[in-house]
Structure formats: structure tokens, C-alpha cells
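Here is how the chains run, residue by residue.
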Amino acid sequence: MACVEFAATLGSVLLMIVTFPLSLFWSFKVVQEYERAVIFRLGRLRTGGARGPGIFFVLPCIDSYCKVDLRTVSFDVPPQEALTKDSVTVTVDAVVYYRIRDPLNAVVKVTNYSNSTRLLAMTTLRNILGTRNLAEVLSDREAISHAMQTSLDVATDPWGVKVERVEIKDVSLPQQLQRAMAAEAEASREARAKVIAAEGEMKASRALKEAADVLHQSPAAIQLRYLQTLNNISAEKNSTIVFPLPIDLVSYFVNLKGGSEASHVI
């Protein structure tokens, strides 16, 4: 096999010399700053690693090369319908950012690193959703994204792929579940509102009791409070007519009525 390779290489060099300078057009190749070229000679990977950026040389007929883009690539993970840990069906989609870390492994170790990474991202997303509760899926998206990135990075490392970032885009719930959660939230808000109103009534009743005790200790304060109330009513400029009536007179009639009822009973 070594003799065959040597003969093929010698024939390629002679062909390039015979066709010089036309052979320069297919012997010298250029790759961009963000690209690398992986060269194979007679089906074997050439030593020296990936070529580029700039100009590199290939022998006609026996050398072939494959360009690899080193820029960060993003793709959308299609909406995945999965069952959470608490048996709730959710639909989640995400976006994944990755780049090629090792061009040689990306070409040699996997047939199509882009398609393989996409399929692995869909499977990983479904697996992670199956280990989380619905509350965690809705409230802790960052932890799910981090777990998915770590799992993808470990799985794609032999392929020379580096997963840089994973983001959860949207979490969709069934319509019936959305209505049930909305009803539960509304009931919870109403319950809290009733509790707050009851606490306010209790505090107001305590304040009124303390105010009544203070007014009971000072009869003149009752008259002042009565005059203040009249002042507030007159400040509104309405058509209400107020007839002041002494409280002592009212209490006299009340006591008189109470005494007559007691005599009738006797």
C-alpha cells in the first residue's frame, strides 16, 4: 500500500508539472478567517491538523478537502410536547447556540454534526422536561436551560462541537389547564382580599372602641365632635338641612321611656 501511495503521489506531482501553470488554479485553495480546511490524501487524514486561514496547497487527483465554519451557529428547537414529573402535558421550544471547537473531529467523528446536534437537542429537551414539575418548568427556566446546555456540551464534545448557550423560548399549556390555573389564582386573590378586609374591620373596631372610651370620659368632647361633624356636612355645599338637637334632651326622653316601661311591667 505504501508503494501504491508513493506512485499515486508521484503521478500527481508529474501531472501538476506537466500542466504548469494551469495546475496552480486547482492546487492552491483559499479559506476565510472564520473557516478551516480538513485535507484527506487518498482517503487518509493528513497530519498537521486543519489548514487555514489563508492559502493552502493540495495535490490534484489524490487530495480532497472539507471546509468547516468556526462561527457560532444558532437553530430553533421545534416545539416538543412532553410529560412533566407531575403528569402534566406541556409544549416547550428553545434556541441553541453552538460552534465548532475541533474541525478534525467535526469531520471525522460524525457524519453531519449540524443535524446530529439538532436531533440531540430535541431529545435532551424532552428528557429534562420529564424530570421537572410544572411549577419548576414555569418558574425556573434558567435552571432548565443550564441543565440542557451541560448535557448537550458533554454529549457533543467528542464531535468537536461546543454548545455555548441554550435558551427556553416559550412554554405552552393546554387550554383547560390554563383556565383551571386562572380560576385558582383568582380564588386565591379573593381569599387574600377577604382576609385583608377582615383585618381592617378588626383594627377599625378597636380604634372606635378606644375613641368611645375617650369620649365617655369627657362629655365636652362629644359636643366638639358633634360640631365638627356639622362643619363637615356644611362644607360639602349640599341641600341637606340639619337640625341640632341636644344629646341631653334625647337621653332624658330615653330614660323617661325606660322608666314608664318598667312601671308597666310592675
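None of these values were measured; they are calculated from a predicted model.

### Here's the deal with the packing of aromatic side chains
For step 1, the next point in the chain: Within the structure shown, the criterion is met by 3 aromatic pairs.
For step 2, the next point in the chain: The interplanar angle of 75° and the centroid separation of 5.4 Å between the aromatic rings of Phe56 and Tyr65 together place this pair among those described as edge-to-face.
For step 3, the next point in the chain: Residue class for Phe56 comes out buried when judged on its relative accessible area of 5%.
For step 4, the next point in the chain: For the cation-ring pair, Arg71 lies above Tyr34, with the distance from its terminal atom to the ring centre recorded as 3.8 Å.

### Focus on the UniProt feature "transmembrane region" (unreviewed entry) in the protein chain
For step 1, the next point in the chain: Taking the UniProt record as the reference, the feature "transmembrane region" (unreviewed entry) is found at residues 6–26.
For step 2, the next point in the chain: Between the C-alpha atoms that bound residues 6–26 the distance is 21 Å, and the span itself is 76% helix and 0% strand.

### Here's the deal with the pattern of salt bridges
For step 1, the next point in the chain: Across all of its chains, the model carries 7 salt bridges by this definition.
For step 2, the next point in the chain: Here Asp69 ties to Arg71 by a salt bridge, and the two come within 2.8 Å at their closest N and O atoms.

### Some points on the side chain of Asp93
For step 1, the next point in the chain: Locating Asp93 in the fold gives a position in strand β7 (residues 89–100).
For step 2, the next point in the chain: Nearest to the buried, unbridged Asp93 among oppositely charged side chains is Lys169, at 4.5 Å.
For step 3, the next point in the chain: Engagement of the side chain of Asp93 in a polar contact is seen with the backbone nitrogen of Asp170, the distance being 3.0 Å.
For step 4, the next point in the chain: In this view, Asp93 contacts Val77, Pro78, Pro79, Ile168, Lys169 and Asp170; residues no more than four positions away in its chain are not counted.

Rules used throughout
For every chain, the first residue of the written sequence is number 1, and numbering continues from 1 onward in sequence order. pLDDT decides what is reported in this predicted model: residues at 70 or higher carry local features, side-chain atom pairs at 80 or more are listed and counted, and totals for whole chains, interfaces and linings draw on all residues regardless. Excluded from the side-chain calculations are hydrogens and water; all other atoms, namely the structure's heavy atoms, are used. Two rings from Phe, Tyr or Trp (for Trp, the six-membered ring) form a pair when their centres sit within 6.5 Å of each other. Planes less than 30 degrees apart are called stacked, planes more than 60 degrees apart edge-to-face, and all others tilted. Burial classification: accessible surface area is computed with a 1.4 Å probe over protein chains only, and a residue below 20% of its type maximum counts as buried, one above 50% as exposed, and the rest as partly exposed. Charge over a ring is defined by NZ of Lys or CZ of Arg lying within 6 Å of the ring centre and within 35 degrees of the ring normal. UniProt positions are given in the numbering used here, feature names are shortened, and annotations may be inferred rather than shown by experiment. A run of H or I in DSSP counts as a helix once it spans at least four residues, and a run of E counts as a strand once it spans at least two, with each numbered from the N terminus. Salt bridge, as used here, is a side-chain nitrogen of Lys or Arg placed within 4 Å of a carboxyl oxygen of Asp or Glu. Think of it this way: Lys and Arg go in the positive column, Asp and Glu in the negative one, and His and the chain ends go nowhere. Here a polar contact means two N or O atoms within 3.5 Å. Within protein one must be a hydrogen donor candidate and the other an acceptor candidate, and residues neighboring in sequence count only if both atoms are side-chain atoms. Residues are treated as being in contact if the distance between any of their heavy atoms lies within 4.5 Å.

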